[in-house]
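Each chain, letter by letter, is given below.
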Amino acid sequence: RDGALISVQGSPVAGAAAPAVNSRAAVRTAAEAITRARTDLAERSTAPGPADVATEVLLVTPAGLRRGWQTITMSAAHPAQHVIDALDGRVLYRRGLSEDAAPTGDAAPANAAQRRPATGTAFPYFPGAARGGRQVPIDFTRRGWLAPVATVLSGNNAHTYADVDASDSPDATEEIPPRHGNSWDYPLVPFHLPAVSFCDNPFPCSWDPDTPFSWQTNRNQNATQMFAAVNNWHDHLLAAPIGFTEAAGNFQVTNKTGQGLGGDPVQAESDDGASTDNGLPDAGHINNASMSVPPDGMSPRMQMFLQHQPGTAYPDEDPFSPTNAGDEADSIYHEYTHGLSDRLVVDAAGDTTLNSVQAGAMSEAWSDWYAMDDLVARGLHRDTQADGDVMRFQYDGAAASSNRSEPVDCPVGSTSVACPGTDGAGPGGYTYGDYGKVAGGPEVHFDGEIWAQTLWDLRTAVGSTAAESLVTRAMELSPADPSFLDERDAILQADQAVFHGGHRDVIWRVFAHRGMGFFAGTVGGGDLAPGEDFSVPPRPGAPTGTLTGAVRDSASGAPVAGATVTVVFQGSAQAANPSARTDADGRYTIADLVAGTYPKVVASSVGYESTVGPTTVAPGSTTHDLALRRDWAASSGGATVIAFDGQDFSPACGPGDAIDLNRSTGWGSTADLGEDGQASAATPKAITIALPKPVQISQLAIDPSAICGDAGSASTGDYRIETSTDGTTWLPAAVGTFTPADRGRLNLVTPAPDSAAGARFVRFTMVRPQVFQVGACPGAFSGCDFMDLTEIEVYGT
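A.B. asks: Mind showing me how you'd approach the sheet that holds strand E8 (residues 158–162) here?
C.D. replies: Strand pairing in a sheet relies on backbone hydrogen bonds, with the paired strands running either antiparallel or parallel. Sheet architecture is open: five strands sit in the order E5-E11-E12-E10-E8, paired in mixed fashion. In this open sheet, the two edge strands, each paired with only one partner strand, are strand E5 (98–99) and E8.

A.B. asks: How do you make sense of the layout of surface pockets when you look at a structure like this?
C.D. replies: Rolled over the atoms, a probe sized like a water molecule indicates the empty space that remains. Approximately 230 Å³ is the volume found for the second largest pocket. In terms of lining residues, the second largest pocket is bounded by Asp 383, Thr 384, Gln 385, Ala 386, Asp 387, Asp 409, Cys 410, Pro 411, Trp 456, Asp 457, Thr 460 and Arg 514. Counted by class, the lining of the second largest pocket contains four nonpolar, three polar and five charged residues.

A.B. asks: Explanation requested: the state of the cysteines in the structure shown.
C.D. replies: Disulfide: a covalent bond connecting the sulfur atoms of a pair of cysteines. For the structure on display, the rule yields four disulfides. Between the sulfur atoms of Cys 410 and its disulfide mate Cys 419 the distance is 2.1 Å. On the sign convention where negative is left-handed, the bridge of Cys 410 and Cys 419, at about -85° about the S-S bond, is left-handed. An identical accessibility class is assigned to Cys 410 and Cys 419; each is buried. Bridging Cys 653 to Cys 708, the disulfide has an S-S length of 2.0 Å. Here the S-S torsion is close to -135°, and the disulfide linking Cys 653 with Cys 708 is therefore left-handed.

A.B. asks: Help me understand the sheet that holds strand E22 (residues 640–644) in this model?
C.D. replies: Judged by pairing direction, the sheet is antiparallel, and its five strands sit side by side in the order E22-E24-E29-E26-E27 without closing on themselves. Of all the strands in the sheet, the pair left with one neighbour each is E22 and strand E27 (731–737). Ignoring which end each strand starts from, the neighbouring axes of this sheet average 20° apart. Of the strand pairs in this sheet, strand E26 (residues 716–724) and E27 are connected by six bridges, and their pairing is antiparallel.

A.B. asks: Please clarify how the confidence of the model for the chain should be interpreted in this entry.
C.D. replies: As a general rule, the predicted coordinates of low-pLDDT regions are not to be interpreted in detail. Residues of the chain with pLDDT of at least 70 account for 97%, and the chain-wide mean is 92. Within the model, pLDDT remains below 50 along residues 101–114, and this stretch shows 18 contacts once partners closer than five positions in the same chain are excluded.

A.B. asks: Help me understand the packing of aromatic side chains, please; the structure alone is not making it clear to me.
C.D. replies: Here a ring pair, both rings aromatic, is described through the centre-centre distance and the interplanar angle of the planes. Taken as a whole and judged by the stated rule, the model has 24 aromatic pairs. Between Tyr 125 and Phe 126, the aromatic rings sit 4.7 Å apart at their centres with planes inclined by 65°, giving edge-to-face as the arrangement. For the pair shown, Tyr 125 and Phe 126 are each scored as buried. If you follow Arg 629 out to its NZ or CZ, it ends over the ring of Tyr 795, 3.7 Å from the centre. If you follow Arg 630 out to its NZ or CZ, it ends over the ring of Trp 632, 4.0 Å from the centre.

A.B. asks: Looking at this structure, how should I read helix H4 (residues 357–377)?
C.D. replies: One full turn of an α-helix is made of 3.6 residues, so residues set three or four places apart face in the same direction. Here H4 is 21 residues long and its end C-alpha atoms lie 30 Å apart, about the 30 Å a rise of 1.5 Å per residue gives. Among the 21 residues of H4, 19 are classified as buried, and the element is accordingly described as predominantly covered. Of the residues trailing H4, Gly 379 is marked for its positive phi of about 75°.

Parameters at a glance
- Residues numbered from 1 in each chain as written.
- Predicted model: local features only at pLDDT ≥ 70, side-chain atom pairs only at ≥ 80, totals over all residues.
- Heavy atoms only, no water.
- Pairing = 2+ DSSP bridges.
- Helix = DSSP H or I, 4+ residues; strand = E, 2+ residues; numbered from the N terminus.
- 1 Å grid on protein atoms, 1.4 Å probe; cavity = no way out; pocket = protein on both sides within 12 Å on 5 of 7 lines; lining within 4 Å.
- Points joined across faces, edges and corners; volume = space filled by probe spheres on them.
- Nonpolar A, V, L, I, M, F, W, Y, C, P; charged D, E, K, R; others polar.
- Disulfide = S-S within 2.5 Å.
- Buried < 20%, exposed > 50% of the residue type's maximum accessible area, 1.4 Å probe, protein only.
- Axes fitted to C-alpha atoms, helices over the stretch in contact; angles between N-to-C directions.
- pLDDT = per-residue confidence, 0-100.
- Contact = heavy atoms within 4.5 Å.
- Phe/Tyr/Trp six-rings, centres within 6.5 Å; stacked < 30°, edge-to-face > 60°.
- Lys NZ or Arg CZ within 6 Å of the ring centre and 35° of its normal.
- Expected span 1.5 Å × (residues − 1).

Here it is as structure tokens:
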């Protein structure tokens, strides 16, 4: 408000000269680029669709600056953003736009001036809820949602239609007409299903999953409900103190202020895919909801599905109730809030930067938090003094407890049965050290619970209004691809900007209590194992100390020269964490550290697996020696990928990412299961690694986790390992199966003795993905289409 500088972000690009486009494989037109992008998505049609666009860009890559085409393919079944190399047509970057067009209408009748306001009815919360569980009348026109002359649910903020054929565009039969006159007052007709304990106990069901086309009974009611909820959330986010305005990139046909691009109302698709399997939803259109958010000026797409798989028993075979996700306000608000975060945490071009695992977790948490914050503030959901009141998605039935592991209001150390925690994270509310443990491995929805619970603590401490202001302004101040600690710091900056630092001490206490204190550390948003700390900042003049020691090879004991030792207690990958490089004797010294316990001290070197551990720095001098283990498969140490099967998704998810010592990247390939989607049809994908020297292998370490935006089902399941001394004759080293419990960690595999001696080549084969351990194909599982691997490491001498 006073013009003071709050934050400086970004860094200059050196040597900004892109190569000329003059090769035969060059991509010279927008249409060619879109075709390449749609091919990469395995779309049935590779021709550009009506909502697909491409613009020329420069992209900074590890290999230098590249000239490319950025494409947004909103016409695809799974909308995505790509950068296609203009020189050779390779995919340089890919990001799915789904988290989990201008409106149309008839011309105004001649007597439009005499028409009454357009109205409808909707549930403030969800059908049968203790509060907000009854349909109430709403004046759509008075609220600015719909013109009196409207004949379909299409206004300035949203266009809602029943996309039952999953075509992502409305035909005349999918538009929602008024029930009579210009009133959309459709009542919910409950389905009484004796075999489903959920129905009428206590909430109504809205369709029969075993009766084709039964969803038609409440089709118009559900679309009206969705239209009302989407518009209500638009208005809530627009108002102070959140202020998701036209200038900030909100979703509207017309931007009256002249700021923002406009022309991008939400395309809200109710009953999405309800008729894709002979009057029933197929496996790809059930038990889900999504929001696909392109940059400002292009309409996002919200999809709400029916719930409960046809032909299954509730709750043992499918815990989702036979309801419609579009009937519950918290689901609508959750998906819409992805639009808020994707439009606020952006780069200079306005493209979202919520790509890393921690950023993705916060994206899910923000969506949960904003929804429950408003529902509690309006008295539609109770938050008493008891722990574990604020449970999301109650209308999902038994699935509510699997959508999230705990309510959002579970404090640290809670002993309430409502806050049970998980086996990996333990009971009670979560802290930063539980990252990657809530679900037994990194998973954005479950890891997001840490952030959501922290923000709920902040809300309790400063109130809903102040918290909404701080959290929203922090998104706008956020660096690209933020970590939890980056966003903590952004909230502190927001407090300085809005409240002149009035909440600083409270904010620090809240975050320190959740393990995000002064000494906490993470190496950017891609860090899967951040270090937690419960300290508030020390007072000025606190004692300091020096950290010194030696770094040695764990196998030979020889000093490792040129290794980097870093004391990590900043959130950003670009932050200036205290660090030093070892000399010829492997020794290092880091001075002027605030005395205290640092949970994350990292040592790394070319060709070595990083080592991480805590260190207490005392006043004066503290010795801390470190040992590094050589990874003979690391590309930085001279290993190379000399062969692989399947499509090359380099540089974003190519085979080289499996040996880069970075577990936030990996190798993504296609599963190629065949049309029947059976396990037996999986096409194995092998990667062959040439080691820099013959190695006596002691162990291999494999992280089979899915990567590249794919869900866990795409993780490697069955695998095979072979070794060779000459690259021609191969010996079996190991076979086995990774399970969901093996995700998010390096799993040690001991090779057969005769395969371990003098190995110069290692071949790892992904035989089939883990999808068959968690579901079936065809279906809405990533593993039905993709098969991934995060990292391969080889240990020995």
